[in-house]
Structures are given as structure tokens and as C-alpha cells.
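# Per-entry structural report
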Amino acid sequence: MPLELVTVPCLSDNYAFLVHDAATGETSVVDVPEAGPILKALEERGWRLSQILLTHHHSDHVAGVEELRAATGARVAGAAADAHRLPPLDLELAEGCRVQVGASEGRVIEVPGHTVGHIAFHFPDSALAFTGDSLMAMGCGRLFEGTAEAMWQSLRKLSALPPETLICSGHEYAASNARFAATLEPDSPMLIFRVGSIAAARKEGRPTVPSHLSDELATNPFLRAGEAGVKAALGMMDAGDAEVFAEIRRRKDKF
Ligand code: ZN
Ligand code: FE
């Protein structure tokens, strides 16, 4: 049975995610920007939290961990590489490690670039991937610690997941990301359609997260650095994919 997913808006533009296995009643949360909205979402459903999964060390993803841990007794799992600057971990994770939510098994994917110890969680049986600030709806995280090459390789790994995978990312940034994407591929019908649906969603106050990987592959400029059309738009026909990705990231930083 696939995991049940609940998107929990936190702070001004962050998302946390509850995943619940109905068969065993087990519930985990991915990232804790603040404890309040997560405790409320658990209470509304009568779910008991047993595990906190962390994508990376930034405070807008971990600030509520201690309060949530104290309130629920949940164990905390995060990247071994960042154990020194994450809240105290009960379980240290690295590439290929498995995490369990009830009967569902998730796999840890290291996705450095935004931070060096950033990880993602993929639950293949539920077609869910939790990507934090690596791959985001129509965008990707800024390169605060890693190199463009590292982030490009991270995005390549995530691109290789099944296209029907739902990408559960950490922020509501799609509207500004969409405006930027339109500067690179203004004539793409897929992009024009998605820009319209993102604008409609935001007007109605609906989240644009999660999104399908298939839509990201078709419209997210950061996954499309290898496309001839994107290279041509940037005047970089002969450049390598990672180099083109770096230029797209630079332009977005200034957008
Ligand atoms: Zn971050
Ligand atoms: Fe963030």
C-alpha cells in the first residue's frame, strides 16, 4: 500500500511533509521548519510521529526539531556528513542507506550542491521523492556550499528516478522560478502551460508542491542544461552540460 502524503505549509514559504503508512499506523515527517503546524496536522489525523527525516542543516528545515522531538519522542535521522551541525541524530545516513516508514522502504540519495551534506529520500513503492532544497518545482537550491558541477550531478541522479515520481521539495518558489524559466524557453508549449497553471494555483492559494518529475524534466531549466534549445538560448552551443547549468544558476541568482 502506498504511503499517504500530507503537505504541511510552515513559516512563510516552507513545506514539511508527513508520510503515513496506514497498515502499521507509522508516521514520519520530512523536515521541521517549525513544530506547531506539524503537531496540528498530526493531531487532526490522530497520527503518532515516530521519525523525523532531515534533508539538510539550514534552520528553515530543522528549527522545530527539538520541540517536535520533545512532544512526540520521535527519533531523528539525517546526513552523517553533517552530523556535527544537525540536531543530535539517532540515525546517521549516507548514500544508499535505507529508511523505513511502516512497511515502506525509502532510499537515501546524496544530493550535494545547496549544502555539502544535503540528502534526498526516495520511496519507490509510493513514487515519492523528498528533495528539500536540491531539485525544486521549476528550480533548484542556490549553491551555498557546493559547486555547480556537484549540483548538476545531484540533479542528474534525481532525473533518473521514474518520471511519475512526485517531487516533494522544501519551498513555494515556483512562481518566480516559472518567470525565470520563461526567459530561457519562451516558446515551449509545455512551459507556457505550466506557467499558467502555477499562476492559477497561487492565485487560489494552492501549493505548487509536490510536482511530477515528468513536468520538471519538461520545464525545469536546471534539468534542461543539456538540451540544444537551452544551450542555443544562452549562446553556449558547444559548452558542456555542467557549464551550461552553472550559467543558468548564475542568471537565476541575479534574476
Ligand atoms: Zn536550505
Ligand atoms: Fe530552505
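Residues numbered from 1 in each chain as written. Chains lettered and ligands numbered in written order. Predicted model: local features only at pLDDT ≥ 70, side-chain atom pairs only at ≥ 80, totals over all residues. Heavy atoms only, no water.

### Notes on the packing of helix 5 (residues 174-184) against helix 9 (residues 241-254)
As a packed pair, helix 5 and helix 9 sit with axes 11 Å apart at the nearest point and diverge in direction by 125°. Classified by the angle their axes make, helix 5 and helix 9 are oblique. In the crossing of helix 5 with helix 9, the sense of the turn from one axis to the other is right-handed. Counting all contacts with helix 5, which are made through Ser176, Asn177, Phe180 and Leu184, the residues of helix 9 involved are Ile248, Arg251 and Lys252. (Axes fitted to C-alpha atoms, helices over the stretch in contact; angles between N-to-C directions. Helix = DSSP H or I, 4+ residues; strand = E, 2+ residues; numbered from the N terminus. Parallel < 35°, antiparallel > 145°, perpendicular 65-115°, else oblique. Left-handed = near helix turned anticlockwise from the far one by under 90°. Contact = heavy atoms within 4.5 Å.)

### Comments concerning the coordination of the zinc ion (ligand 1)
Protein coordination at the zinc ion (ligand 1) comes from His56 (NE2), His58 (ND1), His114 (NE2) and Asp133 (OD), with a distance range of 2.2 to 2.3 Å. The coordination sphere of the zinc ion (ligand 1) comprises four donor atoms, whose angles at the metal cover 84 to 173°; the geometry is irregular. For the zinc ion (ligand 1), the single-chain donor residues occur in sequence as H-x1-H-x55-H-x18-D. In this structure, the zinc ion (ligand 1) lies 3.1 Å away from the iron ion (ligand 2), the two metals sharing aspartate 133 as a donor. Of this pair, histidine 114 sits in the loop between strand 8 (104-110) and strand 9 (119-123) while aspartate 133 sits in the loop between strand 10 (128-132) and strand 11 (135-136), and the two are 19 residues apart along the sequence. Like aspartate 133, histidine 114 is buried. (Donors = N, O, S within 2.8 Å, 3.2 Å for Na, K, Ca; no water. Tetrahedral: all angles 85-135°; square planar, octahedral: opposite > 155°, others 65-115°. Buried < 20%, exposed > 50% of the residue type's maximum accessible area, 1.4 Å probe, protein only.)

### Comments concerning the UniProt feature "domain: Metallo-beta-lactamase" (unreviewed entry) in the chain
UniProt annotation of "domain: Metallo-beta-lactamase" (unreviewed entry) refers to residues 13-171 when read in the numbering used here. Secondary structure across residues 13-171 comprises 21% helix and 35% strand; the distance between its end C-alpha atoms is 6 Å. (UniProt positions renumbered as here; feature names shortened; annotations may be inferred.)

### Regarding the environment of alanine 233
Here alanine 233 lies in helix 8 (residues 228-233). Judged by relative accessible area, which is 43%, alanine 233 ranks as partly exposed. Sequence-wise, alanine 233 and isoleucine 167 are 66 residues apart; in three dimensions their C-alpha atoms are separated by 27 Å.

### Some remarks on the domain arrangement of the chain
For the chain, the assigned domains are domain 1 (4-169) and domain 2 (174-254). Listed as interface residues are 29 residues of domain 1 and, on the opposing side, 31 residues of domain 2. Across the interface of domain 1 and domain 2, roughly 2,400 Å² is buried in total on both sides, 70% from carbon and sulfur atoms. Considering only the surface of domain 1 that becomes buried against domain 2, Ala137, Met138 and Trp152 emerge as the three largest contributors, covering 35% of it. A salt bridge links arginine 142 to aspartate 253; the shortest N-O distance between them is 3.3 Å. Those elements that place two or more of their residues in the side of domain 1 that touches domain 2 are strand 1 (4-10), strand 2 (14-21), strand 11, strand 12 (139-140), helix 4 (148-159) and strand 13 (166-169). Among the elements that line the side of domain 1 that touches domain 2, the one with the most residues is helix 4, at seven residues. Counted by class, the side of domain 1 that touches domain 2 contains 20 nonpolar, six polar and three charged residues. (Domains from an automatic or database assignment. Buried area = accessible area lost by both parts, 1.4 Å probe. Salt bridge = Lys/Arg side-chain N within 4 Å of Asp/Glu carboxyl O. Nonpolar A, V, L, I, M, F, W, Y, C, P; charged D, E, K, R; others polar.)

### With respect to the UniProt feature "binding site: Zn(2+) 2" (unreviewed entry) in the chain
With numbering matched to this structure, UniProt assigns "binding site: Zn(2+) 2" (unreviewed entry) to Asp60, His61, Asp133 and His171. Spanning 112 residues, the annotated positions come together in the fold, the maximum distance between their C-alpha atoms being 10.5 Å. When its relative accessible area of 4% is taken as the criterion, aspartate 133 is described as buried. Excluding anything up to four places from it in sequence, aspartate 133 contacts His56, Asp60, His61, His114, His118, Cys140, Gly141, Met151, Gly170 and His171.

### Structural notes on the coordination of the iron ion (ligand 2)
Coordination of the iron ion (ligand 2) by the protein involves Asp60 (OD), His61 (NE2), Asp133 (OD) and His171 (NE2), with metal-donor separations of 2.1 to 2.3 Å. Metal-centred angles of 83 to 172° between the four donor atoms at the iron ion (ligand 2) mark the site as irregular. Look at where the donors of the iron ion (ligand 2) fall in the sequence and you get D-H-x71-D-x37-H.

### Brief notes about the sheet that holds strand 3 (residues 26-30)
Taken together, the six strands give an open sheet; going across it, the order is 1-2-3-4-5-6, and neighbouring strands pair in mixed fashion. Both outer strands of the open sheet, strand 1 and strand 6 (91-93), are each paired with one neighbouring strand and no more. Averaged over all adjacent pairs, the angle separating strand axes in this sheet is 25°, with direction ignored. The pairing of strand 5 (residues 75-79) with strand 6 spans three bridges and is parallel. The residue bridging glycine 78 from the neighbouring strand is glutamate 92, located in strand 6. Each of strand 3, strand 4 (48-53) and strand 5 is contacted by helix 3 (residues 65-72), which is oriented at about 150° to strand 4, the strand it contacts most. (Pairing = 2+ DSSP bridges.)

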